[in-house]
Amino acid sequence: MTARIQLCGSFVVELRPGVTTTFPSRQTRVLFAYLVLSRPHPVTRDMLVDALWGDTSPTSAAAALSVLISKLRTTVGSDFIRGRTEVAIALPDDVQIDVETAFAALHTAESAVAMGDWQRAWFSALTAQFNARRTLLPEAELAWVDSWRRRLADVRVRALEAYASACLELGGPELPGAERASRELLEVAPLRETGHLMLMRSLAAAGNTAEALAVYERLRRHLRDELGVNPSRDLQDAYQALLS
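Residues numbered from 1 in each chain as written. Predicted model: local features only at pLDDT ≥ 70, side-chain atom pairs only at ≥ 80, totals over all residues. Heavy atoms only, no water.

Novice: Got a minute to help me understand the sheet that holds strand S3 (residues 43-44) in this structure?
Specialist: Within a sheet, adjacent strands bond to each other through the backbone by hydrogen bonds, running parallel or antiparallel. Spatially, the three strands line up as an open sheet ordered S3-S5-S4, and their pairing is antiparallel. What marks the edges here is a single partner per strand, and that holds for S3 and strand S4 (81-82). Where S3 lies against strand S5 (residues 86-89), two bridges are found, and the strand directions are antiparallel. When the bridges of S5 are listed, Thr 44 appears paired with Glu 86. Its contacts with the sheet put helix H1 (residues 26-38) on S3, S4 and S5, and the angle it makes with S5 is roughly 80°. (Pairing = 2+ DSSP bridges. Helix = DSSP H or I, 4+ residues; strand = E, 2+ residues; numbered from the N terminus. Contact = heavy atoms within 4.5 Å. Axes fitted to C-alpha atoms, helices over the stretch in contact; angles between N-to-C directions.)

Novice: Would you explain the nonpolar core in this entry?
Specialist: Generally speaking, nonpolar side chains in soluble globular proteins are found buried as a group. Ile 5, Phe 32, Leu 35, Leu 48, Leu 91, Leu 136 and Trp 144 are the most contacted members of the largest nonpolar core, which totals 50 residues. Looking at this core, the elements that each hand over two or more residues are H1, helix H2 (45-53), helix H3 (61-76), S5, helix H4 (98-115), helix H5 (118-132) and helix H6 (143-170). The dominant element in this core, judged by the number of residues it contributes, is H1, at eight residues. Residue contacts for Ile 5: discarding those within four places in its chain leaves Val 12, Val 13, Leu 15, Phe 32, Val 36, Leu 91, Val 95, Gln 96, Ile 97 and Asp 98. One finds Leu 160, Leu 175, Ala 178 and Leu 185 within the second-largest nonpolar core, a separate group that totals 19 residues. (Core = buried A, V, L, I, M, F, W, Y, C linked by side-chain atoms within 4.5 Å. Buried < 20%, exposed > 50% of the residue type's maximum accessible area, 1.4 Å probe, protein only.)

Novice: I would appreciate a short explanation of the side chain of Glu 14 in the present structure.
Specialist: Note on placement: Glu 14 falls in strand S2 (residues 12-14). Judged by relative accessible area, Glu 14 falls into the buried class, the value being 10%. Among the polar contacts listed, one links the side chain of Glu 14 to the side chain of Thr 20, at a separation of 3.3 Å. (Polar contact = N/O pair within 3.5 Å; in protein donor to acceptor, adjacent residues only side chain to side chain.)

Novice: I would appreciate a short explanation of unusual backbone geometry in the present structure.
Specialist: Glycine aside, residues mostly have negative phi, and peptide bonds are mostly found in the trans state. Each neighbour pair has its own omega, and for Arg 39 with Pro 40 the value is 5°, a cis peptide bond. Following the sequence through the fold, Pro 40 ends up in the loop between H1 and S3. One non-glycine residue, Leu 137, lies in positive phi territory at about 40°. For Leu 137, the location among the structural elements is in the loop between H5 and H6. Since its relative accessible area comes to 1%, Leu 137 is described here as buried.

The following block contains the structure:
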């Protein structure tokens with residue numbers, strides 16, 4: 001069984017076959033996650049103090065960190081946590097980490113879209129979405145966690161674009177998936193014009209031309225009233241094509 005680490009949504013760590021690791025506290029989970037996302041680079045103790053406490057680090061932060069590292073070694077096993085002055089995590093080569101899976105799947109999906117390999121794009125974009133839509137370390141409110149959350153939010157948006165594109169190209173029973181992905185894309189990125197374009201295309205492909213035209217008109221009015229600009233040329237061209 002491959003080692004598995006899930007940092008988004010429910011926190012799940014399985015470093016040994018069939019064994020789920022139970023962490024003693026939120027801080028040990030945050031420490032473990034920071035080391036995982038920093039790998040393969042070792043991390044200084046000052047960096048760990050900042051990662052754990054930010055601007056609110058206690059006066060005894062160095063001692064508290066030593067206690068946490070000791071607890072983490074006991075929890076996951078000393079063979080996984082290496083170093084004293086600088087600390088690094090050593091994981092199996094085949095470990096599956098949901099954050100890394102999301103980024104890798106997005107890369108595959110976008111490459112497949114560029115090559116017109118729609119079936120591979122469909123599967124990889126779905127994998128990226130599944131991993132990126134859950135909140136990273138929902139129990140932690142720290143600057144570095146927020147930075148990773150923003151990166152994963154971007155993965156989700158781009159994966160939705162790739163998925164909608166693949167569904168449109170595959171057609172048939174995948175067309176409803178294109179519409180769902182487009183609508184979800186507009187929920188998370190309402191001004192992203194790609195989402196409007198995908199929604200127009202998916203509605204038109206399903207025979208809902210009037211609704212597709214209405215999508216464009218709503219966006220046009222919003223851009224005019226809020227930003228004083230017009231939709232992109234691609235959207236204008238799509239609109240004209242629907243009228244003809």
